[in-house]
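Take a look at the letters that make up each chain.
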Amino acid sequence: MNVKAVTLPTHSALLERVQPHDFIDCYRVASNLAPRQAADIITDFPAWARFLIALRNGLTRPFGLSSEGPMVEDKVGFFPVESDNENELIAGFDDKHLDFRVTVMSHQGCVYLATWVHTNNLAGKLYLNAILPFHKLIARDALARVRLVG
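Being a predicted model, the structure only gives us computed values, none of them experimental.

Draft legend 1. View of the overall build of the chain. Along the backbone of the chain there are three helices and seven strands. A globule of 150 residues ought to have a C-alpha radius of gyration of about 15 Å, and the chain, at 15 Å, matches this closely. Taken along the three principal axes of its C-alpha coordinates, the chain extends 45 × 35 × 30 Å. Residues classed as buried in the chain amount to 47% of the 150 residues present. In the chain, 62% of the contacts between residues at least 6 apart in sequence involve partners at least 24 apart. Surface accessibility of the chain: about 8,100 Å² in total, with carbon and sulfur atoms responsible for 57%. Looking at the chain, you have 15 positive and 16 negative side-chain charges, and the mean spots of the two groups are 8 Å apart.

In C-alpha cells form, the structure reads like this:
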C-alpha cells in the first residue's frame, strides 16, 4: 500500500484536542512497526527536509518562534513526547503562534501519521498556510520511508 490520505481512527487520543477550525490531517501506510520505531524513522529527516526546517528556523527566529521545542528528556527528533504506548505516540508542543501535536499510531497492520494544529492568532494562521505544502511533502515522504522498513 502506498501512502494514502485518510481519516485518523476514532480511538486516537489526538482527537480529544480537535476543535472547530483546527487543522488536522492524516496519512496511512502498510507497516507493522511499533509507533516509537515509526516515529524514529519519521523524524530522521532526509537532507532536503532538514534544509527546509533550517530555513524555517532562520526565517522565524526574529519573531521568537521556537525551533527546538521545550527541553525534555523524551523526544522523537525535536518533538517532545507527550504520551507513548504500544499503539500510539503523541509528540509536539505549544508555541505562542500555534499549538501542534503529531501522532504516530499502529493499527491493523498500518502506521498512521496525523498532525493537529490549533492556531492561537493571525500569525499562527499565516504560518500554517505558508508551511502546509511543505508539511504535506515531508509527511508523505516520512511514511514512504516507514513503508520501506516495516
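Text resumes after the structure shown.
Draft legend 2. Spatial organisation of the layout of surface pockets. Computed from the structure, the largest pocket encloses a volume of approximately 870 Å³. Lining the largest pocket are 39 residues, and of these I53, F79, Y127, I131 and H135 sit closest to its centre. Counting only elements with at least two residues in the lining of the largest pocket, the list comes to α1 (35-42), α2 (47-60), β5 (88-94), β6 (98-107), β7 (110-119) and α3 (122-149). Top element by residues in the lining of the largest pocket is α3. It accounts for 10 residues. Tallied by class, the residues present in the lining of the largest pocket amount to 29 nonpolar, eight polar and two charged.

Draft legend 3. A look at the sheet that holds strand β4 (residues 79-84). Taken in spatial order, the seven strands line up as β1-β2-β7-β6-β5-β4-β3 in an open sheet, and their pairing is antiparallel. The open sheet terminates on both sides in strands that have one partner only, identified here as β1 (4-5) and β3 (75-76). α1 rests against β3, β4, β5, β6 and β7 of the sheet, and its axis sits at about 125° to β6.

Draft legend 4. Here's a closer look at the packing of α1 against α3. Interhelical geometry of α1 versus α3 gives an angle of 125° and a closest axis separation of 9 Å. With respect to α3, the element α1 is oriented oblique. As for how α1 packs across α3, the hand of that crossing is right-handed. Judged by residue contacts, A38, I41 and I42 of α1 engage A142, L143, R145, V146 and V149 from α3.

Draft legend 5. Looking closely at the nonpolar core. Core analysis: the biggest nonpolar cluster contains 34 residues, and V111, L143 and V146 have the highest contact counts within it. Those elements that provide at least two residues to this core are β2 (23-30), α1, α2, β4, β5, β6, β7 and α3. No other element matches α3, which puts eight residues into this core. Beyond its immediate sequence surroundings of up to four residues, V146 is in contact with V29, S31, L33, A38, I41, I42 and V111. Residues V6, L8, I90 and A114 belong to the second largest nonpolar core, which totals 10 residues.

Draft legend 6. Region of the structure containing the pattern of salt bridges. Enumeration over the complete set of coordinates arrives at six salt bridges. With a closest N to O distance of 2.4 Å, R17 and E82 form a salt bridge. Highlighted residues: R17 in the loop between β1 and β2 and E82 in strand β4, separated in sequence by 65 residues. Its relative accessible area of 26% is what places R17 among the partly exposed residues. Judged by its relative accessible area of 40%, E82 is partly exposed. Of the charged contacts in the structure, one is a salt bridge between R101 and E82, with a shortest N-O distance of 2.7 Å. Of this pair, R101 sits in strand β6 while E82 sits in strand β4, and the two are 19 residues apart along the sequence. The class of R101 is buried, set by a relative accessible area of 6%. Taken together, the shared-partner salt bridges connect R17, E82, D94 and R101 into one network.

What counts and how
Residues numbered from 1 in each chain as written. Predicted model: local features only at pLDDT ≥ 70, side-chain atom pairs only at ≥ 80, totals over all residues. Heavy atoms only, no water. Helix = DSSP H or I, 4+ residues; strand = E, 2+ residues; numbered from the N terminus. Rg over C-alpha atoms; globule rule 2.2 N^0.38 Å. Buried < 20%, exposed > 50% of the residue type's maximum accessible area, 1.4 Å probe, protein only. Contact = heavy atoms within 4.5 Å. Areas by Shrake-Rupley, 256 points an atom, 1.4 Å probe, with all protein chains shown as cover. Lys, Arg positive; Asp, Glu negative; His and termini not counted. Charge placed at Lys NZ, Arg CZ, Asp CG, Glu CD. 1 Å grid on protein atoms, 1.4 Å probe; cavity = no way out; pocket = protein on both sides within 12 Å on 5 of 7 lines; lining within 4 Å. Points joined across faces, edges and corners; volume = space filled by probe spheres on them. Nonpolar A, V, L, I, M, F, W, Y, C, P; charged D, E, K, R; others polar. Pairing = 2+ DSSP bridges. Axes fitted to C-alpha atoms, helices over the stretch in contact; angles between N-to-C directions. Parallel < 35°, antiparallel > 145°, perpendicular 65-115°, else oblique. Left-handed = near helix turned anticlockwise from the far one by under 90°. Core = buried A, V, L, I, M, F, W, Y, C linked by side-chain atoms within 4.5 Å. Salt bridge = Lys/Arg side-chain N within 4 Å of Asp/Glu carboxyl O.

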